[in-house]
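Listed below are the residues making up each chain.
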Amino acid sequence: MSETNSAVSQVADPADPGVVVHLRKPPVVTASAVGTAPPRTPSASDTVTVTIDGRQVQAKAGEWIIDAADQAGVYIPRFCYHPRMKPVGMCRMCLVEVEGPRGSTLMPACFNPVSDGMTLHTRSPKALKAQEGVLEFLLVNHPLDCPVCDKGGECPLQDQTLTYGPGETRFVEEKRHWDKPIAISELVYLDRERCIQCGRCVRFADEVAGDALIDFAERGDRTEVAVFPDSPYSSYFSGNVVQICPVGALTSKPYRFKARPWDLEQVETTCTSCAVGCRTVVQATQGQVTRLIGVDSDPVNWGWLCDKGRFSYPDASDAGRVSVPMIREGDELVESTWAEAIAKAASGISAALRFGGGSSVGVIGGARLTNEDAYVWSKFARVALGTDNVDAQLGDGLPAQTVLGLPRATIDQAAAAPLVITVGSDVKDELPVLYIRLRHAVLEGATQLVELNTTPTGLSPYAADTARYKPGELAALAVAITSKSEPTGPVAGVDASTIASIRGHISRAGREAGPSGPAVVVLIARPSLAENDEQVATAARILAEIPGVAFLSGLRRGNIHGALDMGMAPGILPGRVALDTARSYYEHHWAAELPAEAGLDTSGMLVDAARGHIGALVLLGSDPLVDFPDADGALRGLVGARFVVAVDTHLNESVRRADVVLPAAPWSQRRGTFTNLEGRVSWLGQVTSPGSAWPEWMIAVELAARLGVDLGYESPEGIWAEIEKLSPLHRGVTHEVLSGPYGRDGVVVPVGASGHSTAAVRPLDPMADPGISSAERHKVAASSLSYGRAGAGSSSAMKPAQPRTAQAPASDSGPDAQVEPATPPLVGLPPVPVPSPSKPAGSAVGGALTLVTRRKMWDGGTAVQSSTYLSGLAPPPVLVANPAELAALGVAEGEKVTVSSAKGSLTVAASADAGVARGIAVIAWNLPGGRVGELIDAGDRLNFVSVEPGGDK
Amino acid sequence: MTFGESTRIVTARLHNERSWTISSYLAAGGYQGLRKALTMTPKEIHDQVNTANILGRGGAGFEAGRKWGMLRQAQPVYLTINGDESEPATFKDHALIEGDPHQLIEGAVIAAYVIGAAQVFIFVRGEFPLAIERLQAALNEAYDYGAVGANIFASSFSVDVVVHPGAGAYICGEETALLESLEGKRGYPRIKPPFFPAVMGLYGAPTIVNNVETVSNLPWVVINGGDNFAALGEGRSKGTKLLALAGHVKRPGNYELEWAKVTFRDLIFDPALGGGIRDDNELKAIIPGGVSSPWIGPEHLDVSLSNEAIAGIGSMAGSGSVIPMDHTTCMVRAAWRIVRFFHRESCGQCTPCREGGGWLEKILERIEMGQGRESDLDLLMDVCDNISPGVSWPPAQTTICVLGPSMPPSIASGLARFRDEYLAHIREGRCPFPPDRLPRRLARV
Ligand SMILES: Cc1cc2nc3c(=O)[nH]c(=O)nc-3n(C[C@H](O)[C@H](O)[C@H](O)COP(=O)(O)O)c2cc1C
Ligand code: SF4
Ligand code: SF4
Ligand code: SF4
Ligand code: FES
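Values in this document were obtained by computation on a predicted structure and should not be read as measured data.

Lay out the overall build of chain A with the relevant residues and their values.
Within chain A, the regular secondary structure consists of 26 helices and 38 strands. Residues counted as buried form 58% of the 953 residues belonging to chain A. A separation threshold of at least 6 residues defines the contact pool for chain A, and within that pool the share at least 24 residues apart is 72%.

Take a look at the structure:
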């Protein structure tokens, strides 16, 4: 057959050898076919001169007219155009008059590129008539229920009608009617009467999120946005369509009828729900957060937010919110005062210190803190508690040295690298907006994706190669894809041809790498919580040998990277430095003696606590009972610890077991800085005044005071100034830099490393993301945000009498201060580990399956479960296994099975997925009604389960 | 001149017994064009087609040979045959597919050979069940016969052909919407640029879209030579044209006639053709080239039915559907029916077409029902102007496709000629035409 027939192959019909059946493979789908719009001209480096409304301006060749006009400060009205999506030219609002050799023509500005010498008029009579005509058409069927519409006051249709629209209507007929509104998902309502068919929502769902669950139906003026029968618009990103809808057609359940835009106070901040750190505006009214709107940060989120980040903000109505201090009386936690609770906490801790010293206390948690909080707690633990038992991770992440020591990439670098290798994470569930960025990069052809994962993930459909390796054999796979010699047979359950192809990708990436960016970016995450971190840490170290490699950490919890950078890990001190190399430096600057040796991580602390060696444990915004992979180990640890202080915003399961509960100020009530998974530091704004809760740093200051140490901090700004001065990682990242014009994009630390944003400052675009600028002037005055007024006690009221350690920042050092020690080096790559055979691989009984468990976006965690709107979204737990596995067990789809391990058992429904390899049982982590943690032994390298048909065996 | 004996190209076999079967087709010399084509180089055939100057028969009138010439020779190249024919009163392709499907297949394979396509899609209007059935049966026969598939007639050329039934939308006749539909998406015309599927078409690959009638001419051109084709007709309008004569004539139907050699008078009144207006009524107006074309009047009866001549009087030949209307026709109702069709078939992307179309439909309905105001006439024209600035023909297109601008012509040309009739509706508060002359039932869709 000739070359031209590649799309067709022929086979003989086995039933009738004489007949040739023509099998048609689907034709090759090219990247450009994914969107119907022509690809944006990428080679737009040279500039052209364009005359816009009589003014000559420079524009990038190939740039859309609308973008060039924006740059020149000329606003062209628009509805369907969104700067982060492909133009579709649907609404026809952006018609401008372009002069041509055969007279002038009206052209849509949103998808016609500028060319040199082009002369265009955006407000000529011809253009104005066309613009007014389109607006009149849009209003023909628009219900004009502005007075009861959530969009009223921030509505692009209202705004543009005032400027470009007709004064009155000429339409006398009956408008189109539909039921209004209809729920298209648990979170989103659709009012089709208000819809102007701009297609932004439909395009977002398909083009940006990859969840093509809404589309247009019908034709003519009956065209409506619709969901498919029996399939709601349940997307992790559904809130974005509400955000970008230019009218009030899409509204969100949580915000519906909550506020009027002119009553909102707002401040720009960063979402701390996961480690991506999307830029956002948070809006509040009457002290209550009402809404988040994504802000377009070019290096990070492009204006998008995931639904968890958007809707899981803490609310006063949340179930289990802690707002006042509590102390244990017998079996109960009773409300108390700050003074009493702090005193109780301090005395419990002092008692432990008196009996066992620093090694008998520990701090678990810290990933929900701001950098300033984390710094103060890090110092508090070392200086006031005299312990290095601090860990912001809950045994569910990666070794701190792995995360801190690997060379880092930015999201932009990953999106431009010839190759991205994802290891372990289901990015769509765990780092949702990073999924959007990576998916976009792959679809644009900017990068290629290789996935090393035991089970299918949200990114699997976009991977050029997928290695479904055997759990527990990641390191061997890493060796196979990086070593000099080609493997001859399968490795880690992955066939040789897949490995060869991945090796090919790595060498291709080496050839294609640009001069500045990395060749390969590896996103490294814990593959399963039922497997310890040894394999992934070893694999990371091996992959670090790939020439031109850089890493993105897949740790997902809020400010975990900030916490680690601030030393909230055993053996690490603020500034990404090691305790042993930085000890003298910090002893000098903190004027205190630091612990002699590295302390315990969370799992070490829990084991020690279970043995009765821990006298006081501080839970710092953490819930080990739910988040520590081994539920039984966590419980024994908490029971074994003699005294537990919890600092938290919510009464989670672990907090309920504490002796003292200190209410921490939630995200919207505090300010400070945040560090995302790139190491990007950004400023967190505060929108609501603190109630009786305190920010964590203040709690540390008060506790320290009670313990006789004056930490002396009074504001996040002051703490940051000290961090900037002392931390070798944060030099130059002053508060001025962070709150200045580039603050929106944050600063990747250390400064001077890859990715420091130099992009032009972009104004907020009210047409791209309506709702932000119209409320901006209501920004809260800083003076109304000071702490300690509303609380039961205040910092000054509780100053202790005699500080034990003098507070002595560097600048204060007197004449007799010792010679300042040299700045310690940042943590480096760990040595290539020798895999230790010591830990058992867990006991696999005959017919057992390897348990794999990872997080889902909607889970049984506090953020989701305490929210009225989100709690119902978590799916019920299911066991997912290969169909052959279920067939062997005689279990049908949906049937109940009992899953048991040496630790415990669980009854869940079974579900078949051919994408899951044989020998594996996948159960999502921590879903309501099924705690996988109860099956897991954290001491085991792998965990095995047996599965039996029928429930509750 | 007797028109019945005019040279027939595409309809030559339509009256043969079981003309849609391969035996009938072969008996009439079928597949000789393809056999001959395979002995020629693609370039030689392309030259013949250029010589023949086959204007596209789908409405836009773009030369087939020139369109093929726009292909950059990148692989894969697709050929797509447009058999969506869904415009009211247009039924020529319907007859060709039902009556002579092998001719279409043969033409398609020849075109595929010239452009180097390995895959042909024939997109047929879903409401043509018999045409689809016969075309699919013919395709199976052609595969068995060796005229389609691998190594056609033992040559090194191979091509696959797929029949794709449309899903019921007129807009899928617009070539880029057709491609979207083939890709499994909603039938949306694509934004231009790129202006031609030959640059970026199906699945992003260069694609040629040709009309059924256009392609059906190819076997004849290969056998008889491009110059013999070009010897027929006049100016740019070469060969024959299959005219679908509908409306108020005594003998409606398809007539294949040497192009540019007949006038409207010939077509409507010649006893061998239209045979005159029904009931010998008075001719009131003519829709000369499909319902999007501006109406012309009895004074244009002697205009030739060539592309150029009709363009010369401010209208268009389009796909060749001619609709004479007699004096019993209500011009408001006629415009309303046409606008209603276009509006309801509007894909809904462009605001002017989607909303403006609906608005026009409602205003016309109001006037027809006796609820009009005199100011409505200016309003109608202004809405038309906002859909199609200048209300000119060909339109200064400011919408994605030309469906939107297809609404104003029947209103603008109707109002220009029959303003009094509109005013009569308004002043009398009812339609002045006797109800028994109205179609019995106007479906309210
Ligand atoms: C709204 C609309 C409907 C159309 N419908 C048809 C159709 O049914 N059949 C057709 O051949 N061309 C139709 N066309 C024209 C096609 O877009 C295209 O020009 C044609 O198929 C090209 O073939 P040709 O060059 O052989 O004429 C339509 C165009 C528009 C704008
Ligand atoms: S619902 Fe909103 S975003 Fe979606 S098409 Fe309608 S107006 Fe546009
Ligand atoms: S991806 Fe992460 S940072 Fe971004 S909105 Fe979601 S939770 Fe927040
Ligand atoms: S003009 Fe009408 S049919 Fe054509 S693309 Fe626009 S809305 Fe669709
Ligand atoms: S057509 Fe340009 S903004 Fe909608």
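Give me the nonpolar core: which residues, what numbers.
In this structure, F380, L438, L477, V520 and A921 of chain A together with A108 and V109 of chain B are the most contacted members of the largest nonpolar core, which totals 429 residues. Take this core: its biggest share by element is 10 residues, from helix α6 (residues 101-115) of chain B. Core analysis: the second largest hydrophobic core is formed by six residues, L729, V733, V747 and V749 of chain A among them.

Describe unusual backbone geometry, naming the residues involved and giving the relevant values.
The amide bond that connects K180 of chain A to the next residue, P181 of chain A, takes the cis arrangement and shows omega of -20°. Cis geometry marks the peptide bond from V749 of chain A to P750 of chain A, where omega comes out at -5°. Its place among the elements puts P750 of chain A in the loop between β32 (747-748) and β33 (849-852). Phi angles above zero are rare outside glycine, and D230 of chain A is one such case at about 60°. Here D230 of chain A is to be found in the loop between β11 (224-227) and α6 (239-244). Positive phi is not limited to glycine here, since A154 of chain B has a value of about 65°. On the secondary structure map, A154 of chain B appears in the loop between α7 (129-145) and β3 (160-165).

So what's going on with the interface of chain A and chain B? Residues and values would help.
Contacts between chain A and chain B engage 44 residues on the former and 46 residues on the latter. Of all elements in the fold, only β1 (8-12), β2 (20-24), α1 (31-34), β6 (105-108), α3 (125-140) and β10 (214-217) of chain A reach the threshold of two or more residues within the side of chain A that touches chain B. Tallying contributions element by element places α3 of chain A first for the side of chain A that touches chain B, with six residues. Each residue belonging to the side of chain A that touches chain B can be placed in one class, and the counts come to 22 nonpolar, 15 polar and seven charged.

Run through the site of ligand 2, naming residues and quoting values.
The immediate surroundings of ligand 2 are formed by 13 residues, with C195, C198, C201, C245 and A249 of chain A found nearest. When grouped by side-chain class, the residues that make up the shell around ligand 2 number 10 nonpolar, two polar and one charged.

Quick one: what's the story with the site of ligand 1, residue by residue and with numbers?
Around ligand 1, the surrounding shell holds 22 residues, and the nearest of these are G56, G58, G173, N211 and T214 of chain B. A class-by-class count of the residues in the shell around ligand 1 yields eight nonpolar, nine polar and five charged.

With reference to specific residues and values, describe the sheet that holds strand β2 (residues 119-124) of chain B.
All names here are of chain B. Sheet architecture is open: four strands sit in the order β3-β2-β1-β4, paired in parallel fashion. A single partner strand is all that each edge strand has here, and the edge strands are β3 and β4 (207-211). Adjacent strand axes in the sheet meet at a mean angle of 20°, parallel and antiparallel pairs treated alike. Two strands pair when backbone bridges link them, and β2 and β3 are joined in this way by six bridges, in the parallel orientation. Paired with F123 across the bridge in β3 is H164. Seen against the sheet, α6 touches β1 (78-83), β2, β3 and β4 and runs at an angle of roughly 150° to β1. Along the sheet, helix α8 (residues 175-182) makes contact with β1, β2, β3 and β4, crossing β1 at roughly 110°.

Tell me about the domain arrangement of chain B, and please be specific about residues and values.
Residues and elements named next belong to chain B. Assigned domains within chain B: domain 1 (18-229), domain 2 (232-326) and domain 3 (331-437). Computed from C-alpha atoms alone, the centre-to-centre distance between domain 2 and domain 3 is 23 Å. The interface is formed by 11 residues belonging to domain 2 together with 11 residues belonging to domain 3. Residue composition of the side of domain 2 that touches domain 3, by class: six nonpolar, five polar and no charged.

Got a sec to walk through the environment of F91 of chain B? Specific residues and values, please.
Residue and element names in this part refer to chain B. Considering the arrangement of structural elements, one finds F91 in the loop between β1 and α5 (92-99). Judged by the 19 C-beta atoms lying within 10 Å of it, F91 is partly exposed. Separated by 21 residues in the primary sequence, F91 and M70 place their C-alpha atoms 29 Å from one another. Each residue touching F91, except ones within four places of it in the same chain, is listed here: A244 and N254.

Residue-level account of the sheet that holds strand β13 (residues 265-270) of chain A, with values.
Note on sheets: strands pair through backbone hydrogen bonds, and any given pair is parallel or antiparallel. All names here are of chain A. Taken in spatial order, the three strands line up as β13-β14-β15 in an open sheet, and their pairing is antiparallel. Among the strands making up the open sheet, the edge pair consists of β13 and β15 (288-294). Shown here is a sheet whose adjacent strand axes are inclined to one another by a mean of 30°, direction ignored. With six bridges connecting them, strand β14 (residues 279-285) and β15 associate as antiparallel partners. Counterpart to Q283 in the pairing with β15 is R291.

Quick rundown of the confidence of the model for chain B? Include the residues and the values.
Residue and element names in this part refer to chain B. In this model, chain B carries a mean pLDDT of 94, and residues with pLDDT of at least 70 account for 96%. Within the model, pLDDT remains below 50 along residues 440-445, and this stretch shows one contact once partners closer than five positions in the same chain are excluded. Interface scoring of the predicted complex returns ipTM 0.95; its pTM is 0.92.

I'd love a proper account of the packing of helix α16 (residues 375-387) of chain B against helix α17 (residues 408-428) of chain B, names of residues and values included.
All names here are of chain B. Two numbers describe how α16 lies on α17: the axes approach to 10 Å, and their chain directions differ by 165°. Between α16 and α17, the crossing angle belongs to the class labelled roughly antiparallel. For α16 against α17, the interelement crossing comes out left-handed. Note on element contacts: α17 touches α16 through P408, I411, A412, L415 and Y422, opposite L377, L380, M381, C384 and I387. Among the residues making up the contact of α16 with α17, the classes are represented as 10 nonpolar, no polar and no charged.

Before we move on, could you go through the pairing of strand β36 (residues 905-912) of chain A and cite the residues and values that matter?
All names here are of chain A. In this structure, strand β34 (residues 878-881) lies alongside β36, joined through four bridges in parallel fashion. Opposite L879, over in β36, you have A910 as the bridge partner. Note: strand β35 (residues 896-900) against β36, five bridges, orientation antiparallel. Considered in β36, the bridge of V897 is made with V908. Between β35 and β36, which pair antiparallel one after the other, the connecting turn spans four residues.

How would you summarise helix α5 (residues 200-208) of chain A if you had to cite specific residues and measurements?
All names here are of chain A. Of all nine residues in α5, eight are buried; the element is thus mostly enclosed. Taken together, the buried positions of α5 are R200, C201, V202, R203, F204, A205, E207 and V208. The secondary structure elements touched by the buried residues of α5 are β10, β11, α6, β12 (250-252) and α13 (432-443). Among the residues trailing α5, G210 stands out with phi positive, at a value near 75°.

Criteria and thresholds
- Residues numbered from 1 in each chain as written.
- Chains lettered and ligands numbered in written order.
- Predicted model: local features only at pLDDT ≥ 70, side-chain atom pairs only at ≥ 80, totals over all residues.
- Helix = DSSP H or I, 4+ residues; strand = E, 2+ residues; numbered from the N terminus.
- Buried ≥ 20, exposed ≤ 12 C-beta atoms within 10 Å, placed from the backbone.
- Contact = placed C-beta atoms within 7 Å.
- Core = buried A, V, L, I, M, F, W, Y, C linked by C-beta atoms within 7 Å.
- Nonpolar A, V, L, I, M, F, W, Y, C, P; charged D, E, K, R; others polar.
- Near = placed C-beta within 6 Å.
- Pairing = 2+ DSSP bridges.
- Axes fitted to C-alpha atoms, helices over the stretch in contact; angles between N-to-C directions.
- Domains from an automatic or database assignment.
- pLDDT = per-residue confidence, 0-100.
- Parallel < 35°, antiparallel > 145°, perpendicular 65-115°, else oblique.
- Left-handed = near helix turned anticlockwise from the far one by under 90°.

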